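A look at the structure
These are the residues of each chain, in order.
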Amino acid sequence: QQQVRQSSQSLTVWEGETAILNCSYENSAFDYFPWYQQFPGEGPALLIAIRSVSDKKEDGRFTIFFNKREKNLSLHIKDSQPGDSATYFCAASANAQGLTFGLGTRVSVFP
Amino acid sequence: NSKVIQTPRYLVKGQGQKAKMRCIPEKGHPVVFWYQQNKNNEFKFLINFQNQEVLQQIDMTEKRFSAECPSNSPCSLEIQSSEAGDSALYLCASSRRDRNQAPLFGEGTRLSVL
C-alpha cells in the first residue's frame, strides 16, 4: 500500500504553461513534505519543501499548495521550460525520520 | 552540483559477489541515509546514521546488507552476497539534525548484478 501517492505517472505541458503535480498521503503523522527533481542518470535534487503547519510555499517558479485536512498537496511549476522535463517525486517524513517517496511523475515540457 | 559524493558511479558484480559502495556526506551533516531506487522508481529506505550510530534500519539490511559511517572516513554500504534483485540505484543522502531540512542526495551508485 502506497503511503504517498502521486496521481499521475506522466504529464505533458507546453512551454509557458503551468504544470500541476498532485500528491496525497495516508499517514497523519507526516509533517514534512519535500519535492525532488530527478533527471535520468542523476540523483534526486531537492526542489522545494513544506511543513504541515503551512498551506503554501513559494520559491521562484515553484509553489507547493498543502491541504492538511484532505491530506494532499500539489506542486505548481509556473512558466514551464523544456529544461524542467524530469521526474518529480513527492516525499514525506514524520519527526525528521526517513523519507517515504511517491512513484514520481514524469513531466515533459514541449517547446 | 551535488555535495554528497558517491563512489563508484557504476558497479557490476556477479551473483554471490560482494558489492561495496561509498559515500562522503556534505560537510556538517551528521545524519546519513541509504536508499535503494529500483527501475520502477520505488525508493526503499535501507538505513540511516547519526554520526557513527545506526538510527533506523529495515530487516533487509540486517541480513545481507551492512553499513557503517566511521569517523573521519567515508560511509559505506556493502552487500555480502549480491543477488539479481539487488540491481538498482543506491542513493546516499545527508542532512543536518534540523527537522526543517530535507536530505540532500548524491548521484548514486548504479549496481548491476549479472
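Conventions adopted
- Note on numbering: residues in each chain are counted from 1, in written sequence order.
- To read the labels, note that chains go from A and ligands from 1, taken in the order they are written.
- Since the coordinates come from a predicted model, pLDDT governs what is reported: local features require at least 70, and pairs of side-chain atoms require 80 or more to be given and counted, while whole-chain, interface and lining totals use all residues.
- Here the side-chain values reflect all heavy atoms present in the structure, with hydrogen atoms and water set aside.
- Each helix corresponds to a stretch of at least 4 residues labelled H or I by DSSP, and each strand to a stretch of at least 2 residues labelled E; elements are numbered beginning at the N terminus.
- Radius of gyration here is computed from C-alpha atoms only, and the compact-globule reference equals 2.2 Å multiplied by the residue count raised to the power 0.38.
- Residue contacts are defined here by distance: any two heavy atoms, one from each residue, within 4.5 Å place the two residues in contact.
- Using a 1.4 Å probe, accessible areas were evaluated by the Shrake-Rupley method; residue-level cover was limited to the displayed protein chains.
- His is not counted here, nor are the chain ends, while Lys and Arg score as positive and Asp and Glu score as negative.
- Charge positions are represented by NZ for Lys, CZ for Arg, CG for Asp and CD for Glu.
- Pairs of strands are assigned from DSSP output, requiring at least two bridges between the strands.
- Axes here refer to lines fitted to C-alpha atoms; in helices the fit is confined to the stretch in contact. Angles between the N-to-C directions go from 0 to 180 degrees.
- The term salt bridge refers to a pairing of a side-chain nitrogen on Lys or Arg with a carboxyl oxygen on Asp or Glu at a separation within 4 Å.
- Relative accessibility decides the category of a residue: with a 1.4 Å probe and only protein chains considered, values under 20% of the type maximum give buried, values over 50% give exposed, and everything between is partly exposed.
- When two parts are put together, the accessible area they lose, computed with a 1.4 Å probe and summed over both, is reported as buried area.
- Here a polar contact is recorded for every N or O atom pair within 3.5 Å, except that within protein the pair must consist of a potential hydrogen donor and a potential acceptor, and residues adjacent in sequence are included only if both atoms are side-chain atoms.
- Classification used: nonpolar for Ala, Val, Leu, Ile, Met, Phe, Trp, Tyr, Cys and Pro, charged for Asp, Glu, Lys and Arg, polar for all others including Gly.
- By disulfide we mean two sulfur atoms from cysteines, separated by a distance within 2.5 Å.

Quick word on the overall build of chain A
Helix and strand counts for chain A stand at 0 helices and 11 strands. Shown N-terminal to C-terminal, the secondary structure of chain A runs as helices and strands in the order β-β-β-β-β-β-β-β-β-β-β. For chain A, the C-alpha radius of gyration of 13 Å lies close to 13 Å, the compact-globule estimate for 111 residues. Projected onto its principal axes, the C-alpha coordinates of chain A cover approximately 40 × 30 × 20 Å. For chain A, the proportion of contacts with a sequence separation of at least 24, taken over those separated by at least 6, is 53%. Accessible surface for chain A amounts to roughly 5,400 Å². Of this, 45% is attributable to carbon and sulfur atoms. Of the charged side chains in chain A, 10 are positive and 11 negative, and the gap between their average positions amounts to 7 Å.

Points about the sheet that holds strand β1 (residues 4-6) of chain A
Residue and element names in this part refer to chain A. Taken in spatial order, the 5 strands line up as β1-β3-β8-β7-β6 in an open sheet, and their pairing is antiparallel. A strand with exactly one partner marks an edge of an open sheet, and here the two such strands are β1 and β6 (56-59). Taking the axes of each pair of neighbouring strands and ignoring which way they run, one obtains an average angle of 15° across the sheet. Both β6 and strand β7 (residues 62-67) contribute to a ladder of 4 bridges, which runs antiparallel. Bridge assignment links E58 to a residue of β7, and that residue is T63.

Observations regarding the pattern of salt bridges
Within this structure, the stated rule accounts for 7 salt bridges over all chains. Across the pair R5(A) and E26(A) runs a salt bridge, and its minimum N-O distance is 3.0 Å. Here E26(A) lies in the loop between β3 (19-25) and β4 (32-38) and R5(A) lies in strand β1, a separation of 21 residues in the sequence. A relative accessible area of 38% means that R5(A) is categorised as partly exposed. We classify E26(A) as partly exposed; its relative accessible area is 35%. When salt bridges with common partners are traced through the structure, they connect R64(B), E83(B) and D86(B) into a single cluster.

Looking at the interface of chain A and chain B
Chain A puts 21 residues into the contact, and the matching count from chain B is 21 residues. Between chain A and chain B, the buried area comes to about 1,700 Å², and carbon and sulfur atoms account for 55% of it. Inspection of the chain A/chain B interface yields 0 salt bridges. Counting across the chain A and chain B interface gives 6 residue pairs in polar contact (both at pLDDT 80 or more). Among the secondary structure elements, those contributing two or more residues to the side of chain A that touches chain B are β4, β5 (45-51) and β9 (86-92) of chain A. The residue makeup of the side of chain A that touches chain B, split by class, is 10 nonpolar, 8 polar and 3 charged.

Looking at the state of the cysteines
Counted under the stated rule, the structure contains 3 disulfides over all chains. Across the disulfide, C23(A) is cross-linked to C90(A) (sulfur-sulfur distance 2.0 Å). The sign of the S-S torsion, about -75°, decides the handedness of the disulfide formed by C23(A) and C90(A): left-handed. Of the two residues, C23(A) sits in strand β3 while C90(A) sits in strand β9, which places them 67 residues apart along the sequence. What pairs with C69(B) in a disulfide is C75(B), and their sulfur atoms sit 2.0 Å apart. Between C69(B) and C75(B) the disulfide shows an S-S torsion of about 110°. By sign, it is right-handed. Assigning the bonded cysteines of chain B consecutive numbers by sequence position, one obtains the connectivity 1-4, 2-3.

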